[in-house]
Amino acid sequence: MTVPVRLIGCGFTYPDGTRALAPADLEIRAGETLALLGPSGCGKTTCLRLIAGLAEPDPGGRVLFGAEDVTRIPIERRQVGMVFQSYALFPNLDVAGNVGYGLRIRNIGRAERDARVTRMLAMMRIADLADRRIDQLSGGQRQRVALARALATEPRVLLLDEPLTALDAKLREALRVELAALLRSLGITAVFVTHDQAEAMALGDRVAVMRAGRIEQVDAPEAIYHRPATRFVAGFVGTLNLLEGRVAEGALHLPGGMLPANGAAAGPATLACRPEQLVLASDGTLAGRVTASFFLGDRTRLVVEQAAPQPITIEVMDAAPRPGDLVRLAARPGAPFALPDG
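Because the structure is predicted, anything quoted here is derived from the model rather than measured.

Focus on the side chain of Arg 274
- Turning to its location among the elements, Arg 274 is positioned in the loop between strand S14 (267–273) and strand S15 (278–280).
- Despite its burial, Arg 274 pairs with no opposite charge; the closest candidate is Glu 276, at 5.6 Å N-O.
- Polar side-chain contacts of Arg 274 include one of 2.7 Å to the backbone oxygen of Val 237.
- Those residues in contact with Arg 274 that lie beyond four places of it in its chain are Ile 224, Tyr 225, Ala 234, Val 237, Gly 238, Thr 239, Leu 240 and Asn 241.

Here you go:
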């Protein structure tokens with residue numbers, strides 16, 4: 001049965017006094033996938049361990065699955081499925097044995113156990129690998145086995161700790177698409193840890209951005225990107241151009257010209273914009289010189305200097321200017337924008 005998960009005042013402090021997580025409130029809705037995103041050491045894995053029952057929160061913290069307080073209930077009684085970065089598969093068991101391991105230790109009858117294993121192998125499209133040893137599998141196949149094993153026990157909550165990190169880039173992107181489709185089709189409450197922004201945006205119904213043991217913002221991926229709640233979120237998610245200038249008469253004045261101030265108060269100001277919010281335009285109000293060009297396949301990333309105190313990054317889809325070329329830039333509606341105070 002799918003349940004919502006709530007952390008209420010949950011912090012975590014190591015015995016030596018080091019605080020890994022400041023007291024936090026977090027709600028994961030029933031059936032949604034929440035991505036915990038942040039740099040190394042920000043507390044995202046600690047959050048996952050608290051939900052799993054692998055760690056207990058500091059006094060006063062509570063973990064709820066629906067209306068049930070599971071704070072002191074160990075992992076084996078919480079009905080959670082886990083997929084680790086290393087997959088943690090048993091090398092002495094074949095694929096079917098790994099998938100059925102959790103069922104066997106729960107004393108599920110042989111007939112039902114075999115039926116569930118068969119169903120999981122078919123769902124993960126690895127039925128033909130049932131008798132294969134773990135050391136004979138590719139990274140992508142091992143990932144599917146680990147996921148099948150986690151789902152076979154019909155958990156209330158699925159927890160994934162950087163499940164795609166060990167894969168090469170092309171396979172990681174392909175499995176990201178498959179995993180997103182699978183989680184949405186299952187409708188299971190899922191939480192996964194990642195430091196990969198693209199992965200968080202693609203897989204998460206919502207994203208919780210973390211920094212230094214604190215949750216900075218929890219929101220839909222689009223809101224995280226376009227409406228960051230703090231300066232850290234604005235800078236951490238995606239590429240951000242900082243435009244330091246002076247606002248006067250409704251415009252942000254920069255070394256290379258001006259851009260709309262979009263309501264910013266008169267005086268010294270630092271506004272921001274994403275690379276795609278600035279476009280090449282013959283009548284653009286901001287001029288600069290291209291100093292670097294990076295072909296990325298479907299687009300070209302340009303670095304423009306002299307337009308602002310710091311280099312500006314833009315992305316173009318068509319024929320791109322070359323380093324040394326002079327260009328004029330215009331802003332899309334709503335750009336640039338003021339940064340949050342926090």
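So, the nonpolar core
- Counting 47 residues, the largest nonpolar core has Val 95, Val 99, Leu 147, Leu 158 and Val 209 as its most contacted members.
- With seven residues, helix H4 (residues 139–152) is the largest single contributor of residues to this core.
- When near neighbours in sequence (up to four residues on either side) are disregarded, Val 99 contacts Val 117, Met 120, Leu 121, Val 145, Ala 148, Arg 149 and Ala 152.
- One finds Ala 20, Leu 50, Ala 52 and Met 210 within the second-largest nonpolar core, a separate group that totals 30 residues.

Points about the sheet that holds strand S8 (residues 189–194)
- Spatially, S6-S7-S8-S3-S9-S10 is the arrangement adopted by the six strands of the open sheet, whose pairing is mixed. In this open sheet, the two strands that pair with only one neighbour each are strand S6 (80–83) and strand S10 (214–219). Going from strand to strand, the sheet's axes swing by 15° on average, the running direction of each strand aside.
- Pairing between strand S3 (residues 33–37) and S8: five bridges, direction parallel. Within the sheet, the bridge partner assigned to Thr 33 lies in S8 and is Ala 190.

As for the sheet that holds strand S5 (residues 68–69)
- The sheet built from four strands is open, its strands ordered S2-S1-S4-S5 with antiparallel pairing. Lying at the two open borders of the sheet, with one neighbouring strand each, are strand S2 (19–28) and S5.
- When strand S1 (residues 5–13) meets S2, the two strands line up antiparallel, connected through six bridges. Residue pairing in the sheet places Thr 13 in a bridge with Arg 19 of S2.
- The strands touched by helix H1 (residues 44–52) are S1, S2 and strand S4 (62–65); relative to S1, the strand with the most contacts, the crossing angle is about 120°.

Let's talk about the packing of helix H3 (residues 110–123) against H4
- For the pair H3 and H4, interaxial distance at closest approach is 9 Å and the crossing angle is 140°. With respect to H4, the axis of H3 lies oblique. Note that H3 runs across H4; the crossing there is right-handed. Where H3 approaches H4, its residues Arg 116, Met 120 and Met 123 are matched on the opposing element by Ala 148, Leu 151 and Ala 152.
- Broken down by class, the residue content of the contact of H3 with H4 amounts to five nonpolar, no polar and one charged.

Observations regarding the packing of aromatic side chains
- One pass over the full model with this rule turns up three aromatic pairs.
- Where Phe 12 meets Tyr 14, the ring centres are 5.2 Å apart and the plane angle is 90°; that geometry is what we call edge-to-face.
- Since its relative accessible area comes to 14%, Phe 12 is described here as buried.
- The exposure class of Tyr 14 is partly exposed, given its relative accessible area of 40%.
- On the numbers, 4.5 Å between centres and 50° between planes, the contact of Phe 90 with Tyr 101 is tilted. Of the two residues, Phe 90 is situated in the loop between S6 and helix H2 (95–105) and Tyr 101 in helix H2; the sequence distance between them amounts to 11 residues.
- For Phe 90, a relative accessible area of 27% gives the class partly exposed.
- The ring of Tyr 225 carries the charged tip of Arg 274 above its face, separated from the ring centre by 4.3 Å.

Conventions used here
- Residues numbered from 1 in each chain as written.
- Predicted model: local features only at pLDDT ≥ 70, side-chain atom pairs only at ≥ 80, totals over all residues.
- Heavy atoms only, no water.
- Helix = DSSP H or I, 4+ residues; strand = E, 2+ residues; numbered from the N terminus.
- Buried < 20%, exposed > 50% of the residue type's maximum accessible area, 1.4 Å probe, protein only.
- Lys, Arg positive; Asp, Glu negative; His and termini not counted.
- Salt bridge = Lys/Arg side-chain N within 4 Å of Asp/Glu carboxyl O.
- Polar contact = N/O pair within 3.5 Å; in protein donor to acceptor, adjacent residues only side chain to side chain.
- Contact = heavy atoms within 4.5 Å.
- Core = buried A, V, L, I, M, F, W, Y, C linked by side-chain atoms within 4.5 Å.
- Pairing = 2+ DSSP bridges.
- Axes fitted to C-alpha atoms, helices over the stretch in contact; angles between N-to-C directions.
- Parallel < 35°, antiparallel > 145°, perpendicular 65-115°, else oblique.
- Left-handed = near helix turned anticlockwise from the far one by under 90°.
- Nonpolar A, V, L, I, M, F, W, Y, C, P; charged D, E, K, R; others polar.
- Phe/Tyr/Trp six-rings, centres within 6.5 Å; stacked < 30°, edge-to-face > 60°.
- Lys NZ or Arg CZ within 6 Å of the ring centre and 35° of its normal.

Everything listed here is a matter of geometry and, on its own, says nothing about what the molecule does.
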